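# What the coordinates show
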Amino acid sequence: MYGGGTTFEGIKAEKKDDPVKLAEFEARIERGEKIEPTDWMPALYRKQLIRMIEQHAHSEIIGALPEGTWITRAPGFKRKMALMAKVQDEVGHAQLLYSAAETLGKSREEMIDDLINGKSKYSNIFNYPTFTWADCCFISWLVDAGAIVNQLANAKGSYGPYCRALDRICAEESFHLKYGHHCVIYLAAGTEIQRQMFQDALNRWWPPMMHFFGPSDKISVHSDTLMKWKVKMGSNDDMRNQFLDMYVPKIRELGFVIPDPKLNKNEETGRWEYTEPDWEEFKRVINGDGPCNKERLAVRRTAEERGRWVREALRSPKTVYQMPLA
Amino acid sequence: MKSLDPRVNRLPEIDIENSVSRKDPLDQLGTYEVFVQPKEGKPFQHEGALHASDREMAFVLAKESFTRRFQCISLFVVRTTNVFVSDTTEDSESVYDRIKGDVDKGGNQQSYEIFNLYKRGKQHVHIGSVSASSPELAMAAAKNKLPPSKTVYNIWTVKTSDIRFTQPDEMDLWNTLPDKKFRDASDYKGGDKLKEFLERSK
Ligand SMILES: [Fe+2]
Ligand SMILES: [Fe+2]
Ligand SMILES: [Fe+2]
């Protein structure tokens, strides 16, 4: 799971790149070919990709927590099996993504270190709590839907290992999306209490869902370079617009009311109009001051601490760490 | 820690803030490459990498990470350090053109597995095995014995004895895959329920 909230920093054309190599590199991307780990790449490309893939991986791991909490309380055996399978997938996505990031030269231990020490970010939306089963259904259906919008776009990016990981991930996401929609249809077609439960979840999750795609283009760092290098595949507002296009009708079809009176598609421009999300809150939460930031990291740290003896027992002087090949 | 998650509430009180140190530089397992055969008659194909303490553990993790759904009949794992990688070529140049057809002057002959990359951005595909006295000579032997019909951009070779194959008595590992429909999108058809709901709420 992954939002466009990736924070790109220090995006300035680096001075020292060899102009001949840079031209070859850009021509390859222009032709639609993938960049592979052994190819020459600009330092900025490597840096931004590591950052983006790493944040994506952390989001999968942390994203498994708010849903994972509902496995034991999911209504009935079928829902428990499905949710367990989904959470396992999300953790598996993190494994695939960490491997892809490793091919760029950052080891997995460094990435995990940076996560548990609060140095790396992850998708902001997982800093919000899942009060009820309906919150969990909201994530399964709509947060995953948002993630799919991003992931399908990124799968057409330029870095080979990331694209291949995303192809695998997207195939599994289709199950998440169908499962999530199924859950919400059943709540919608259920009792008045069930309907209200989802409506409440929708009210709680809509603002973070709008944050999910990252700050509006008006205020976010714009990078033509990253677009040209196919690191960033669409602007935050484009992604948000695509999500609204696909899912607002589906939410309304079920008779739920999206808590934004201004939400409306401008048929002339083809763009959605909405109340500008509170970007101050977004910043506050991404910088650590959200309802669940502390808990999410604490859970990861506890896992790290409790697993230490296992890793120590498995460690062997003969084992060599190496960058994955592809 | 007070949480909505009952599991978090059950966690022992440990002083997390002060107990987590940076990981030791060696706190890292080895790297393995995973190859999967989706069905009978199809070649093994590279699927990805993972970290494990040894080959056996890598095999178990590979099964869990890469073959949870769809089809699989066999997989194998090999340590990344045991994969020998050729140059990479461009456009219409086949990497085999750079490989001299050296005569293998004997020495310790061993079996090697050969993997070709036919398209940049795709995965390496297993094409067969040859006998040679070194990984380089194995590529040369493949040039003669397994001549490719398409342009090859990159070759991997692995000593057969370095591979952890699926054993004959493990072939049934994937027999239960078809029963695990709950992992498939196709098991979540909400159309009828939705239609009934829409009718009802007209
Ligand atoms: Fe997700
Ligand atoms: Fe995911
Ligand atoms: Fe997902």
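This section reports on the structure supplied with the text. (Residues numbered from 1 in each chain as written. Chains lettered and ligands numbered in written order. Predicted model: local features only at pLDDT ≥ 70, side-chain atom pairs only at ≥ 80, totals over all residues. Heavy atoms only, no water.)

## Points about the overall build of chain B
Helix and strand counts for chain B come out as 5 helices and 7 strands. Moving toward the C terminus, one meets the helices and strands of chain B in the order α-α-β-β-α-β-β-β-β-α-β-α. C-alpha extents for chain B along the principal axes are approximately 75 × 55 × 40 Å. Buried positions account for 45% of the 202 residues belonging to chain B. Taking the contacts inside chain B whose residues are at least 6 apart along the sequence as the reference set, 63% of them involve residues at least 24 apart. (Helix = DSSP H or I, 4+ residues; strand = E, 2+ residues; numbered from the N terminus. Buried < 20%, exposed > 50% of the residue type's maximum accessible area, 1.4 Å probe, protein only. Contact = heavy atoms within 4.5 Å.)

## Focus: the packing of aromatic side chains
A complete count under the given rule lists 23 aromatic pairs over all chains for this structure. Seen in terms of ring centroids, Phe198(A) and Phe256(A) are 4.8 Å apart; in terms of plane orientation they differ by 55 degrees. Their pairing is tilted. Of this pair, Phe198(A) sits in helix H7 (residues 192–211) while Phe256(A) sits in the loop between helix H9 (236–253) and strand E1 (264–266), and the two are 58 residues apart along the sequence. Phe198(A) sits in the buried class, given a relative accessible area of 0%. Look at Phe256(A) and you get buried, because its relative accessible area is 4%. In this structure an aromatic cluster arises from ring pairing among Phe35(B), Phe44(B), Phe76(B), Phe115(B), Trp156(B) and Phe165(B). (Phe/Tyr/Trp six-rings, centres within 6.5 Å; stacked < 30°, edge-to-face > 60°.)

## Some thoughts on the pattern of salt bridges
Applying the stated criterion across every chain yields a total of 38 salt bridges over all chains. We note a salt bridge from Lys63(B) to Glu64(B), for which the minimum N-O separation is 3.9 Å. You can call Lys63(B) partly exposed: its relative accessible area is 23%. On the accessibility criterion, Glu64(B) (32% relative accessible area) is partly exposed. In the salt-bridge network here, residues are joined through shared partners; they are Arg28(A), Arg31(A), Glu33(A), Asp39(A), Glu90(B) and Arg120(B). (Salt bridge = Lys/Arg side-chain N within 4 Å of Asp/Glu carboxyl O.)

## Focus on the coordination of the iron ion (ligand 2)
Residue and element names in this part refer to chain A. Looking at the metal site, the iron ion (ligand 2) is ligated by Glu60 (OE), Glu90 (OE), His93 (ND1) and Glu173 (OE), spaced 2.0 to 2.5 Å from it. Coordination at the iron ion (ligand 2) comes from 4 donor atoms whose angles at the metal span 81 to 161 degrees, giving a geometry best classed as irregular. Between consecutive donors of the iron ion (ligand 2), the numbers of intervening residues give the motif E-x29-E-x2-H-x79-E. In this structure, the iron ion (ligand 2) lies 3.8 Å from the iron ion (ligand 1), and both are coordinated by Glu90. Taken together, the residues Glu60 in helix H2 (residues 43–68) and His93 in helix H3 (residues 77–102) connect sequence positions 33 residues apart. With respect to burial, Glu60 and His93 carry one shared label: buried. (Donors = N, O, S within 2.8 Å, 3.2 Å for Na, K, Ca; no water. Tetrahedral: all angles 85-135°; square planar, octahedral: opposite > 155°, others 65-115°.)

## Some points on the coordination of the iron ion (ligand 3)
Residue and element names in this part refer to chain A. Around the iron ion (ligand 3), the protein contributes the donor atoms Glu90 (OE), Asp144 (OD), Glu173 (OE), Glu173 (OE) and His176 (ND1), at 2.0 to 2.8 Å from the metal centre. Sequence spacing of the donor residues for the iron ion (ligand 3), all on one chain, is E-x53-D-x28-E-x2-H. Between the iron ion (ligand 3) and the iron ion (ligand 1) the interatomic distance comes to 2.8 Å, and Glu90 is a ligand of both metals. One end of the pair, Glu90, is in helix H3; the other, Glu173, is in helix H6 (residues 160–188), and 83 residues separate them in sequence. Comparing Glu90 with Glu173 shows no difference in burial state: the two are buried.

## A short note on the pairing of strand E2 (residues 45–52) of chain B
Residue and element names in this part refer to chain B. Taken across its 8 residues, E2 has 7 buried, putting it largely inside the fold. Where strand E1 (residues 30–37) meets E2, 7 bridges bridge the pair, whose relative direction is antiparallel. What sits directly across from Thr31, in E2, is His51. (Pairing = 2+ DSSP bridges.)

## A short note on unusual backbone geometry
Despite not being glycine, Lys230(A) has its phi angle at roughly 55 degrees, a positive value. As for its position among the elements, Lys230(A) is in the loop between helix H8 (224–228) and H9. Of the residues examined, Lys230(A) reaches a relative accessible area of 28% and is grouped as partly exposed. Its identity is not glycine, yet Asp91(B) carries a phi of approximately 50 degrees, on the positive side. By secondary structure assignment, the location of Asp91(B) is in the loop between strand E4 (83–85) and strand E5 (110–117). With a relative accessible area of 55%, Asp91(B) lands in the exposed category.

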